[in-house]
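# Structural characterization, general
The primary structure of each chain is shown beneath.
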Amino acid sequence: MIIKPISINGDKYTELIKIDESTSGFNEDWLQKVIHENPQTYPIENSLNSGQKIVSLGREINSGAGYIDTLLLTSNADLIIVETKLWRNPEKSRTVLAQVIDYAKELSNWGYDDLNNAVISSQRNQKLDKSRSLREIISDSFSNQ
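Because the structure is a prediction, the values reported are computed rather than measured. (Residues numbered from 1 in each chain as written. Predicted model: local features only at pLDDT ≥ 70, side-chain atom pairs only at ≥ 80, totals over all residues. Heavy atoms only, no water.)

## Looking at helix H3 (residues 112-125)
- For H3, with 14 residues, the first-to-last C-alpha span of 20 Å sits near the 20 Å given by 1.5 Å per residue.
- Listing the buried residues of H3 in full gives Leu115, Asn116, Ala118, Val119, Ile120, Ser122 and Gln123.
- Buried-residue contacts for H3 involve strand E3 (54-62), strand E4 (67-74), strand E5 (79-82) and helix H4 (134-142).
- Lysine 127 sits one or two positions beyond H3 and adopts a positive phi of about 60 degrees. (Helix = DSSP H or I, 4+ residues; strand = E, 2+ residues; numbered from the N terminus. Expected span 1.5 Å × (residues − 1). Buried < 20%, exposed > 50% of the residue type's maximum accessible area, 1.4 Å probe, protein only. Contact = heavy atoms within 4.5 Å.)

## Overview of the pattern of salt bridges
- With the rule as written, the count across this model stands at four salt bridges.
- Here arginine 59 ties to aspartate 29 by a salt bridge, and the two come within 2.3 Å at their closest N and O atoms. Placement of arginine 59 in strand E3 and of aspartate 29 in helix H1 (residues 28-37) is noted, with a sequence separation of 30 residues between them. (Salt bridge = Lys/Arg side-chain N within 4 Å of Asp/Glu carboxyl O.)

## Points about the sheet that holds E3
- Ordered in space as E3-E4-E5, the three strands form an open sheet in which the pairing is antiparallel. Each of the sheet's edge strands pairs with one partner strand only, and the pair in question is E3 and E5. Here the strands of the sheet are splayed against their neighbours by 25 degrees on average, with no regard to which way each runs.
- Along the sheet, H4 makes contact with E3 and E4, crossing E3 at roughly 155 degrees. (Pairing = 2+ DSSP bridges. Axes fitted to C-alpha atoms, helices over the stretch in contact; angles between N-to-C directions.)

## Looking at the pairing of E4
- Burial analysis of E4 places seven of its eight residues in the buried class, the great majority of the element.
- Pairing of E3 with E4 involves seven bridges; the strand directions are antiparallel. Its bridge partner lying in E4, serine 56 is registered against leucine 72.
- Pairing between E4 and E5: four bridges, direction antiparallel.

## Side note on the packing of H3 against H4
- With their axes 8 Å apart at the nearest point, H3 and H4 run at an angle of 85 degrees to one another. Accordingly, the angle class assigned to the pair H3 and H4 is roughly perpendicular. For the pair H3 and H4, contact is made by Tyr112, Leu115, Asn116, Val119 and Gln123 and by Leu134, Arg135 and Ile137, respectively.
- Partitioned by chemical class, the residues of the contact of H3 with H4 number five nonpolar, two polar and one charged. (Parallel < 35°, antiparallel > 145°, perpendicular 65-115°, else oblique. Nonpolar A, V, L, I, M, F, W, Y, C, P; charged D, E, K, R; others polar.)

Pasting the structure below:
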């Protein structure tokens, strides 16, 4: 049996096609950007958290142990470290786990100011028009919850 994934929107559906990841446009930077701009696509498997909202705090956040590809924050104040690796990347399994553990170890020692400074610094490094503080991101994203 061949399984063909589809995207369903109301009563319409579209068959999904496999992309050729060797195409230069589909790289880890592209994937990070997609996740950053669409954090709600992160799968939360716990049915008790089905209404939970997720926001991206930024990309390439310096943890002190390396750069976190994307750092997400849930409405329950949980941080989610996202490390992206394409299938063709030889470091896609063991190395990525070690990276995430190193990042989490560093983040566990941070206070609010450390996280705020890292988020603002990340935005400056990404050359965004305006840097937003952690307080502003939380207020804008979770104010109606």
